Amino acid sequence: MDLWNRVRADAGYRSWAHAPRYPFKMASNTAHGSEVEVFVNAPLAQAIDGKPATAWPEGSIIVKDIYSRRSLSHVAAMEKRGGKWFWAEFDAEGEPIYSGEPAICLDCHRPRQKTGDWLYTVELPR
Ligand code: HEC
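Residues numbered from 1 in each chain as written. Predicted model: local features only at pLDDT ≥ 70, side-chain atom pairs only at ≥ 80, totals over all residues. Heavy atoms only, no water.

On to the nonpolar core. By size, the foremost hydrophobic cluster in this structure holds 18 residues, and its most contacted members are Leu-44, Trp-56, Ile-62, Met-78, Trp-85, Trp-87 and Leu-119. Counting residues per element, the ones that place at least two in this core are strand E3 (35-40), helix H2 (42-48), strand E6 (84-91) and helix H3 (103-109). The residues touching Trp-87, leaving out its near neighbours within four places in the chain, are Ala-77, Met-78, Tyr-98, Ser-99, Gly-100, Glu-101, Pro-102, Cys-105, Leu-106, His-109 and Trp-118. Listed in part, the eleven residues of the second largest apolar core include Val-7, Val-75, Ala-77 and Ala-88. (Core = buried A, V, L, I, M, F, W, Y, C linked by side-chain atoms within 4.5 Å. Buried < 20%, exposed > 50% of the residue type's maximum accessible area, 1.4 Å probe, protein only. Helix = DSSP H or I, 4+ residues; strand = E, 2+ residues; numbered from the N terminus. Contact = heavy atoms within 4.5 Å.)

To continue, consider the environment of Trp-16. Within the secondary structure layout, Trp-16 lies in the loop between helix H1 (3-7) and strand E1 (17-18). Accessibility expressed as a relative area gives 21% for Trp-16, which makes it partly exposed. Sequence separation of Trp-16 and Asp-107 is 91 residues, and the distance between their C-alpha atoms is 28 Å.

On inspection of all chains with the given rule, the structure shows nine salt bridges. Put simply, Glu-79 and Arg-6 hold a salt bridge, and the shortest N to O gap is 2.8 Å. Residue Glu-79 is located in strand E5 (residues 71-81), and its partner Arg-6 is located in helix H1; the two are separated by 73 residues in the primary sequence. The salt bridge involving Arg-70 is made with Glu-35; its shortest N-O contact spans 3.9 Å. On the criterion of sequence distance, the pair formed by Arg-70 in the loop between strand E4 (61-68) and E5 and Glu-35 in strand E3 is long-range, its members being 35 residues apart. The class of Glu-35 is buried, set by a relative accessible area of 18%. Here the salt bridges share partners, and the residues they tie into one network are Arg-6, Glu-79 and Arg-81. (Salt bridge = Lys/Arg side-chain N within 4 Å of Asp/Glu carboxyl O.)

Our next topic: the packing of aromatic side chains. According to the stated counting rule, one finds four aromatic pairs in the structure shown. When the centroid spacing of 5.6 Å and the interplanar angle of 70 degrees are considered together, the rings of Tyr-13 and Phe-39 count as edge-to-face. Of this pair, Tyr-13 sits in the loop between H1 and E1 while Phe-39 sits in strand E3, and the two are 26 residues apart along the sequence. Among the residues examined, Phe-39 registers a relative accessible area of 1% and is labelled buried. The interplanar angle of 90 degrees and the centroid separation of 6.1 Å between the aromatic rings of Trp-87 and Trp-118 together place this pair among those described as edge-to-face. Of this pair, Trp-87 sits in strand E6 while Trp-118 sits in the segment after helix H4 (113-116), and the two are 31 residues apart along the sequence. Note on accessibility: Trp-87 and Trp-118 belong to one class, buried. Residue placement shows Lys-25 over the ring face of Tyr-67; its charged tip is 3.8 Å from the ring centre. Lying across the ring of Phe-86, Arg-81 places its NZ or CZ 3.9 Å from the centre. (Phe/Tyr/Trp six-rings, centres within 6.5 Å; stacked < 30°, edge-to-face > 60°. Lys NZ or Arg CZ within 6 Å of the ring centre and 35° of its normal.)

Listed below in structure tokens is the structure:
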């Protein structure tokens, strides 16, 4: 099953925990949209509260709803596969816009490579 369908399976990613520093829909000042809401799956949530680490575990998924003028415009997701992040962005209907390792995503997240294992919204436990 592809990532879009997997994150929407069962109760769906909106039933997951929020990224701790993003406990609800928050204003965003990036190119990503005017408001964002960030969800983490169980393996990632456990690792956030876990032992010091230099990377997030295999199977971690983090999903960001991106709102523009109060309506959902895009959904961005990252999944740890084979020791690397798989990056994806979808439109509000789930049509893929980016997937794989797009330079546009990596270039902007690179400052967070060491401190967040590429993630902006969560810190690696240390
Ligand atoms: C202009 C810089 C920029 C670009 C380009 C960018 N991001 Fe982000 N991304 C951010 C920032 C900053 C955040 C933190 C949340 C926020 O304010 O939006 C973030 C958050 C995220 C999150 C939530 C997980 C996290 O990092 O904490 C995901 C998932 C994500 N981005 C995926 C992507 C994907 C996929 C792409 C390429 C299609 C992409 N991003 C391109 C800056 C960027």
